[in-house]
Amino acid sequence: MPTAEGGPQTLYDKVFQDHIVDERLDGTILLYIDRHLVHEVTSPQAFEGLKNAGRKVRRPDCTLATTDHNVPTTSRKNLKNIETFVEEEDSRLQCMTLEDNVKDFGITYFGLGDKRQGIVHIIGPEQGFTLPGTTVVCGDSHTSTHGAFGALAFGIGTSEVEHVLATQTLITKRSKNMRIQVDGELAPGVSSKDIILHAIGQIGTAGGTGAVIEYCGSAIEALSMEGRMSICNMSIEGGARAGMVAPDEVTFEYLKNRPLAPKYDSDEWDKAVSYWKSLKSDPGAKYDIDVFIDAKDITPTVTWGTSPEDVVPITGKVPDPETFATPEKQAAGRRMLDYMGLIAGTPIEEIVLDKIFIGSCTNARIEDLRAAAAVVKGKKVAANIKQAMIVPGSGLIKDRAEAEGLDKIFTDAGFEWREAGCSMCLGMNPDILSPKERCASTSNRNFEGRQGAGGRTHLVSPATAAACAIVGKLTDVRKLADTTVTPRKASPQPMKVKPHVDERVETDDDEREMIGDQPEDNFPHTNTIVSHESAGLPKFTVFKGIAAPLERANVDTDAIIPKQFLKTIKRTGLGSALFFALRFNADGSEKPEFVLNQEQYRKSKILVVTGPNFGCGSSREHAPWALLDFGIKCVIAPSYADIFFNNTFKNGMLPIAITNKDDLETIAKEARAGREVEVDLPNQVINDASGKKICSFNVEEFRKHCLVNGLDDIGLTMQMEDKINSFEKKMTLNTPWLNGSGYLKRDKSGRLAAKAVSVPKTNRGQEIKEPLEW
Ligand SMILES: CC(C)[C@H](C(=O)O)[C@@H](O)C(=O)O
Ligand code: SF4
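Computed from a prediction, not measured in an experiment: that's the story for all the values here.

**A short note on the overall build of the chain**
(1) Moving on: Along the chain, the regular secondary structure elements total 25 helices and 28 strands.
(2) Moving on: Looking at the chain as a whole, 57% of its 774 residues are labelled buried.
(3) Moving on: Once local pairs closer than 6 in sequence are excluded, the contacts in the chain between residues at least 24 apart make up 77%.

**Observations regarding the UniProt feature "domain: Aconitase A/isopropylmalate dehydratase small subunit swivel" (unreviewed entry) in the chain**
(1) Moving on: The sites that carry the UniProt feature "domain: Aconitase A/isopropylmalate dehydratase small subunit swivel" (unreviewed entry) are, in the present numbering, residues 538-660.
(2) Moving on: Summarising residues 538-660: 20% helix, 17% strand, and an end-to-end C-alpha distance of 30 Å.

**Some thoughts on the nonpolar core**
(1) Moving on: Grouped together as the largest cluster of nonpolar side chains are 217 residues, with contacts concentrated most on Ile-356, Ala-372, Ala-466, Cys-468, Val-608 and Ala-626.
(2) Moving on: Ranked by residue count, the leading element in this core is helix H16 (residues 462-471), at eight residues.
(3) Moving on: Not counting the four nearest positions on each side in its chain, Val-608 is found in contact with Ala-547, Ala-548, Pro-549, Leu-550, Ile-636, Ile-667, Ala-668 and Ala-671.

**Quick notes on the site of ligand 2**
(1) Moving on: Around ligand 2, the structure places 13 residues, and the nearest of them are Ser-360, Cys-361, Cys-422, Cys-425 and Leu-426.
(2) Moving on: Of the residues in the shell around ligand 2, the class split is five nonpolar, six polar and two charged.
(3) Moving on: Structurally, the shell around ligand 2 is a two-domain feature, drawing no fewer than three residues from each of domain 1 (33-173 + 250-259 + 502-535 + 713-774) and domain 2 (300-479).

**Examining the sheet that holds strand S12 (residues 289-294)**
Sheet strands pair by backbone hydrogen bonding; their relative direction is either parallel or antiparallel.
(1) Moving on: One open sheet accounts for four strands, arranged S11-S10-S9-S12; its pairing is parallel. In this open sheet, the two strands that pair with only one neighbour each are strand S11 (242-244) and S12. Each strand of the sheet is rotated relative to its neighbour by a mean of 20 degrees, with strand direction disregarded.
(2) Moving on: Packed onto the sheet, helix H7 (residues 192-203) meets strand S9 (176-183) and S12 and runs at close to 130 degrees relative to S12.

**Quick look at the confidence of the model for the chain**
(1) Moving on: Here the chain shows a mean pLDDT of 90. Residues at 70 or above account for 88%.
(2) Moving on: A low-confidence stretch, residues 753-774 stays under pLDDT 50, and its non-local contacts, those more than four residues away or across chains, total 57 contacts.
(3) Moving on: The ipTM, which scores confidence in the relative placement of chains, is 0.99 for this predicted complex, and the corresponding pTM is 0.91.

**Details of helix H14 (residues 395-403)**
(1) Moving on: Of all the positions in H14, only Gly-395, Leu-396, Ile-397, Lys-398 and Ala-401 are classed as buried.
(2) Moving on: Residues of H14 that are buried in the fold lie against helix H5 (120-127), helix H13 (366-376) and helix H15 (406-413).
(3) Moving on: Immediately downstream of H14, the backbone of Gly-405 shows phi near 80 degrees, a positive value.

**Considering the site of ligand 1**
(1) Moving on: All residues in the neighbourhood of ligand 1 are listed as Val-41, Thr-42, His-69, Asp-140, Ser-141, His-142, Gly-155, Leu-426, Leu-566, Ser-618, Ser-619 and Arg-620.
(2) Moving on: Class assignment of the residues belonging to the shell around ligand 1 gives a composition of three nonpolar, seven polar and two charged.

The rules behind these values
- Residues numbered from 1 in each chain as written.
- Chains lettered and ligands numbered in written order.
- Predicted model: local features only at pLDDT ≥ 70, side-chain atom pairs only at ≥ 80, totals over all residues.
- Helix = DSSP H or I, 4+ residues; strand = E, 2+ residues; numbered from the N terminus.
- Buried ≥ 20, exposed ≤ 12 C-beta atoms within 10 Å, placed from the backbone.
- Contact = placed C-beta atoms within 7 Å.
- UniProt positions renumbered as here; feature names shortened; annotations may be inferred.
- Core = buried A, V, L, I, M, F, W, Y, C linked by C-beta atoms within 7 Å.
- Near = placed C-beta within 6 Å.
- Nonpolar A, V, L, I, M, F, W, Y, C, P; charged D, E, K, R; others polar.
- Domains from an automatic or database assignment.
- Pairing = 2+ DSSP bridges.
- Axes fitted to C-alpha atoms, helices over the stretch in contact; angles between N-to-C directions.
- pLDDT = per-residue confidence, 0-100.

What follows is the structure in structure tokens.
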């Protein structure tokens, strides 16, 4: 755990420390959030919660919204509005709900008509919204991407989105420090994506649980910001809450002239840079976990299974599960090979593909597209490839690529050139794999059904994906002629992003005073809290019920509830979708072997999971909502992924971690026998049906207090308003550039007006009658 104050600190310790609003004796911390990104999937229920409680958004100026997961990536030539453009009903409703909410709450929003629209983790850095030393959150697990700037950036669930919208803070605790040091030079054809796939292969998908990873070493320093973002992006696939890289000249160079970064060459810029330079781990700082990787051991890397840790060098073979260490791993390996349609021992390069996807928040930046284009140039997509897609991460990246002629290289080769969005990374939009289709994908998750029910995903780098498209099989990019895809030092020229707001004025002392002293008038980050009352949750005290045994490890949230059910704007009604692919056949009939389909478990109230790392992957709070709606209020497992763990508490549920194997086995035996189990939270014990104690368990004091008393923590945090106000005053003085005002209209005196600047034209120059952007 981090350091006593005064000792050497890590980068994470420093950023965390600078954002503490309040700290309780049990280590619960109220953390100030500088930047909040919002998208359509994880925000509707949060805004609904605000509306129901009569609350406002505390800092619209520090909140930026876009729509990315549901949007079609087909041509927007005839785009009129989102209502007519998004055909699928639930997707349309989710996008339109976001547009209503950003209007109602006065939040800056990039809609489909704005070239700044794109994947939430691409547009934040691109706009300079993400800055070193900030805390950045989003209802999305890949918020870890922003850590590439030396920000503490992590994904949160929808209840936490609501908490941040209402209070600009989060209730959290310190994480462990983990360091992954990569030294040496990367070989040609090896990219940042290969570094992170290789690293996850080493540490496993739970390797970073409870930790924030700092990436360092000469190979990391040599990467551009794009490369660093790809690495931090996948920290969550290694189980970590966040990934960070210390800011340096590469970072500062990238940030120059970004619309929302401090104005370059001003006193504020100089002040910011001198603060950013202090954000390095101190010599002698301690890490709880240390991993060293020699860059020369990294080859182009590809996944073979259904978890991002299942990696193999492109030169390797499909592994044989019978050689795996434990019977559980062997069984999981067999299941994976079956799902992936692979035979142990097959050389990876003999695996024939159907589709290629180059996109996602991992690898849809300009440098990724350049690397792919360098491989593709002058060649043709293989005849067996049914579809090869390039989906730029934002409208600005698309423009830039077109200006460089990359689109032409791709379309000449037979690729589709698409509009920005999440696309086939998770298939919430029309871009999906059909059952059994095999795809080389530059995205970050290869979970079962991730890109479409029954679809088979191999995660690769952009250069490898491009090579695969040309050859039609998984391919070693190094074999293709003229492909010296070497890691680049950051391009000295950041993308030319024209600032859209010319009315920016220097923040003078008076104005700082005004911002710190809010509210005073109609100022949008007004803090007029209509209600301090907590909405309240049902109390959790002693809870008894049938416990269903689930004998699996690494159960991801895509498996708990797949993407097609994330399109709801409600928290309820998801029970029928729980474990959908495990529970039902393609024709909708039940799979009799799945535990919850067995008669005695249909009314289970407790889930006993025998394998570790339950709830890994996405931040979707739909996972606990689905469990709750089914009737399961308590989960018992050896360990959990961090975001899922948090999300359950926010819904009045109790996740219990039982690390002692014998205790867990005793509980599992009760479950297998179909007997009830009793969870006594006030006394922190688990009993069998007769009331005999099986074991005790740990729970953090504050979480217990909230559960037992049914407290909603937004109401509790709002009682700390004085502390939040004084924190904001201090922040305004020390780091004035963090008062996000770049898109907000100002009047002549420099005061912020109530609404953000709207952009009257689409990227194609058409007038937008009713501005979508705020
Ligand atoms: C929809 C969202 C909650 C999810 C995430 O948290 O990661 C998505 O972006 C994903 O990649 O699965
Ligand atoms: S991981 Fe995929 S679905 Fe999730 S935000 Fe990134 S691009 Fe979108």
